[in-house]
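# Examining the three-dimensional arrangement
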Amino acid sequence: MSATLHFLNAKLFLCLLVILFQHHFVFATSNPAGLSLRAVIDDSPQSPLYLIGSLSRAERIAKLIKITEARANYLDLVSRPNARVVPDYLHIPILRDVLFYVVVFTLGSQQHPVKLLMDTGGGLIWTQCQPCKNCFPQNLQIYDPRVSASYGTLPCDHPLCDGDHRLYDCVHGECVYDVRYAGGASTRGVASLESFQFFIDHSSRRTFSNVIFGCSDDNTGFSFKNCGISGIFGLNLSPDSMSSQFSPLIHNRFSYCFVPFLDAMPRPIILRFGEDIPQLPPEHLHTTLFTYTPPGSYYFYLELLDISVANHRLGFQPDTFRIRQDGLGGCFIDSGALVSQIDSNTFGVNAYEAVLAVFGAYYESRGLQRTNGRVGLELCYETPANYHDFAAITFHFNGADYTVDGQLGHFIDPVNGFFCVAITSGQMGTVLGAWHQQNKRIIYDRWMGGLQFADEQCINDVL
């Protein structure tokens, strides 16, 4: 099925859903122009989750490289019709935990606080639940559905749990899920319904009833232990993601702008929806269409044609980054992956090694001394005094060139005097991670079927 037909079918199905399903919500305020999610940074005193002040930059990045390598590339089953939550427009606060953006809200009649990783590569919204068979330690108390009067379970005859194309399975009368991640992590639990309360500001909030989410009681292999994160807030194309459930009145569009991660005191940022997304001058805005998504996958795939390093175009063959017959390969954008990955299993050439070879030749031509990768990144160099000649990288997408500023494309540790190319080897495909999205306005437009982006000083993107 072509990408165009896929999105047209999605629109037609959405119209049917709006007619067939009625949802009721409690609203505190209304804004007809759009929806915004406000974000602050946990390693900033502005955040109530100020947890990592004692960690150095190198310690932070080393911890998060490990998370990236083991994180979730969702292996959902098959695309399916679903009931969608239909919200009005609103502002919702978002925090960032270390170097990951997270949504913070409350669940259920007891208004239990949860903190979920904002993940454009993930679908299912889930949090750890009591009674827990196997849960990783978290700083926030684990949610207990037994004390919530608004909690319910998804019935086995729901479209997400019934039929040949279901996402979940009915086991012993319960609709359950088993989501596995490429790094070996997994989450299992009961597909559920609950009220979500989002805080608009210090005095206002909105409640959404019957949001589909995962009540996870069996979780293994996750690296964000002993922090506030208790699960995932998925934003991908899956029917159970936030962007799908909340799609009708946010115009199927959302956007964010990441403040550079190593800024010492970053200001709040915003996750925006619908008409709340800034209108940028056409000459500044670049557009590339989403490409074919293989059955069972819901990533925002992009057609990557080639890569340049420091204005040297590598000249990869046209099929190098195509999705292969086994469903692997391709290129997608993912805010939940900290560092970008380049596929090392591309046909005919190891694209990852080819890209790093050009970076290596660039820095060797400048006489730089290679050093041990102390943060989980392969290509690192000692930083000469007053050095600023960092190589930029350009991803040549179909219809648009996406250039990452040289300084923002590297992990730079001025204290210990070294820097590293912020790219790791991908085993399942190529991923445009969050590190290469700094100071970029990123717009996901599901109606149009494409990704839009522009350079922007994200420190100015405040409520």
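Just so you know, the residues in each chain are numbered from 1, in the order the chain's sequence is written. Side-chain atom pairs in this predicted model are given and counted only at pLDDT of 80 or more, local residue features only at pLDDT of at least 70, and totals for whole chains, interfaces and linings cover all residues. Here the side-chain values reflect all heavy atoms present in the structure, with hydrogen atoms and water set aside.

To continue, consider the overall build of the chain. Counting from the N terminus, the helices are DSSP H or I runs at least four residues long and the strands are E runs at least two residues long. On a plain count of helices and strands, the chain comes out with four helices and 30 strands. Only heavy atoms enter the contact rule, under which two residues are in contact if any of them lie within 4.5 Å. Within the chain, contacts between residues separated by at least 24 positions form 72% of all contacts whose residues are at least 6 apart in sequence. Residue-level accessible areas treat just the shown protein chains as cover; the underlying method is Shrake-Rupley with a 1.4 Å probe. For the chain, the accessible area works out to roughly 18400 Å², and carbon and sulfur atoms hold 52% of it.

Attention shifts here to helix α4 (residues 351–364). For a helix, the expected span equals 1.5 Å multiplied by the number of residues minus one. The terminal C-alpha atoms of α4, which comprises 14 residues, lie 20 Å apart, in line with the 20 Å expected from a rise of 1.5 Å per residue. For every residue, the accessible area (1.4 Å probe, protein chains only) is compared with the maximum for its type, and the residue is labelled buried under 20%, exposed over 50%, or partly exposed between those bounds. Along α4, the residues that are buried comprise A351, Y352, V355, L356, V358, F359, G360, Y362 and Y363. Polar contacts, as counted here, are pairs of nitrogen or oxygen atoms within 3.5 Å of one another; within protein the pair requires one atom able to donate a hydrogen and one able to accept it, and residues that are adjacent in sequence qualify only if both atoms are side-chain atoms. Measuring from the side-chain oxygen of the N-cap residue of α4 to the backbone nitrogen of Y352 gives 3.2 Å; that N-cap residue is N350.

Pairs of strands are assigned from DSSP output, requiring at least two bridges between the strands. Strands sit in the order β21-β22-β26-β25 across an open sheet of four strands; the sheet is antiparallel. Taken across any chain shown, the strands that pair with only one partner, and hence form the sheet edges, are β21 (370–371) and β25 (410–413). Relative to strand β26 (residues 418–421), strand β22 (residues 380–382) runs antiparallel, the two sharing three bridges. From the neighbouring strand, C380 faces β26, where its bridge partner is C420.

Let us look at the nonpolar core. Residues Y168, F359 and Y363 are the most contacted members of the largest nonpolar core, which totals 112 residues. The element contributing the most residues to this core is α4, with eight residues. When neighbours within four sequence positions are excluded, Y168 is seen to be in contact with L124, L154, L160, C161, C175, V176, Y177, A191, I212 and D240. Of all hydrophobic cores here, the second largest spans five residues; its members include Y299, Y301, F332 and A337. The nonpolar core is taken to be a set of buried Ala, Val, Leu, Ile, Met, Phe, Trp, Tyr and Cys residues, with the residues joined through side-chain atoms within 4.5 Å.

This part covers the packing of aromatic side chains. Note on aromatic pairs: the rings of Phe, Tyr and Trp (six-membered ring only in Trp) are paired at centre separations within 6.5 Å, and the planes decide the class, stacked below 30 degrees, edge-to-face beyond 60, tilted for the rest. Per the counting criterion, the structure on display carries 39 aromatic pairs. Aromatic pair F105 and F196: ring centres 4.7 Å apart, planes at 25°, arrangement stacked. A residue pair is termed long-range when its members are at least 10 positions apart, and F105 in strand β4 (residues 100–107) and F196 in strand β10 (residues 186–199) qualify at 91 residues. For the residue pair F105 and F196, the accessibility class agrees, reading buried in each case. Here F411 and W435 contribute two aromatic rings whose centre-to-centre distance is 6.4 Å and whose plane-to-plane angle is 70°, an arrangement assigned as edge-to-face. Residue F411 is found in strand β25, and its partner W435 is found in the loop between β28 (430–432) and β29 (440–445); the two are separated by 24 residues along the sequence. Neither F411 nor W435 differs from the other in exposure class; each is buried. Members of the aromatic cluster, joined through ring pairs, are F254, Y256, F258, F261, F273, F290, F300, F411, F418, W435 and Y444. A cation over an aromatic ring shows up here: R366 above the ring of Y362, its NZ or CZ 3.7 Å from the ring centre. Each ring is checked for a lysine NZ or an arginine CZ that lies within 6 Å of its centre and within 35 degrees of its normal; such an atom marks a charge sitting over the ring.

Now for the sheet that holds strand β24 (residues 400–404). In a beta sheet, neighbouring strands pair by backbone hydrogen bonds and run either parallel or antiparallel. Pairing is antiparallel across the open sheet formed by four strands, whose spatial order is β18-β17-β23-β24. The strands lining the two open edges of the sheet, one partner per strand, are β18 (312–313) and β24. Here strand β17 (residues 304–309) pairs with β18 via two bridges, running antiparallel. Residue pairing in the sheet places V309 in a bridge with H312 of β18. Relative to β17, α4 is tilted by about 20°, and along the sheet it contacts β17, β18 and β23 (393–397). To get an axis, fit a line to the C-alpha atoms, keeping to the stretch in contact for a helix; angles then go from 0 to 180 degrees between the N-to-C directions.

Within the element layout of this structure, D413 appears in strand β25. Reaching out from D413, the side chain makes a polar contact with the backbone nitrogen of V415 at a distance of 3.0 Å.

Linking two cysteines covalently via their sulfur atoms produces the bond known as a disulfide. The term disulfide is used for any two cysteine sulfur atoms that are within 2.5 Å. By the definition in use, this model includes six disulfides. One disulfide bridge connects C380 with C420, the sulfur atoms lying 2.0 Å from each other. Here the S-S torsion is close to 105°, and the disulfide linking C380 with C420 is therefore right-handed. Linking C380 in strand β22 with C420 in strand β26, this pair joins segments that are 40 residues apart in sequence. The pair C380 / C420 is uniform in exposure class, with both members buried.

Among the secondary structure elements, Q197 is positioned in strand β10. In this structure Q197 comes out as buried when scored by relative accessible area, which is 4%. Of the polar contacts made by the side chain of Q197, one reaches the side chain of T106; its length is 2.6 Å. Contact partners of Q197, with chain neighbours within four places excluded, come to F105, T106, L107, G108, Q111, R205, R206 and T207.

Confidence per residue, as judged by the predictor, is encoded in pLDDT with a range of 0 to 100. Predicted confidence across the chain gives a mean pLDDT of 81, with 77% of residues reaching 70 or more. Within the model, pLDDT remains below 50 along residues 39–54, and this stretch shows 50 contacts once partners closer than five positions in the same chain are excluded. With pLDDT under 50 throughout, residues 67–88 is counted as low confidence; its partners more than four residues away or in other chains account for 104 contacts.

Right, let's talk about the pattern of salt bridges for a bit. What counts as a salt bridge is simple: a side-chain nitrogen of Lys or Arg found within 4 Å of a carboxyl oxygen of Asp or Glu. Here the structure, examined in full by the defined rule, presents 17 salt bridges. The salt bridge involving R146 is made with D144; its shortest N-O contact spans 2.9 Å. A salt bridge links D389 to R366; the shortest N-O distance between them is 2.6 Å. Of this pair, D389 sits in the loop between β22 and β23 while R366 sits in the loop between α4 and β21, placing them 23 residues apart in sequence. Residue D389 is classed as partly exposed on the basis of its relative accessible area, which comes to 34%. Among the charged side chains, a network of salt bridges with common partners joins R272, D276, R441, E456 and D461.

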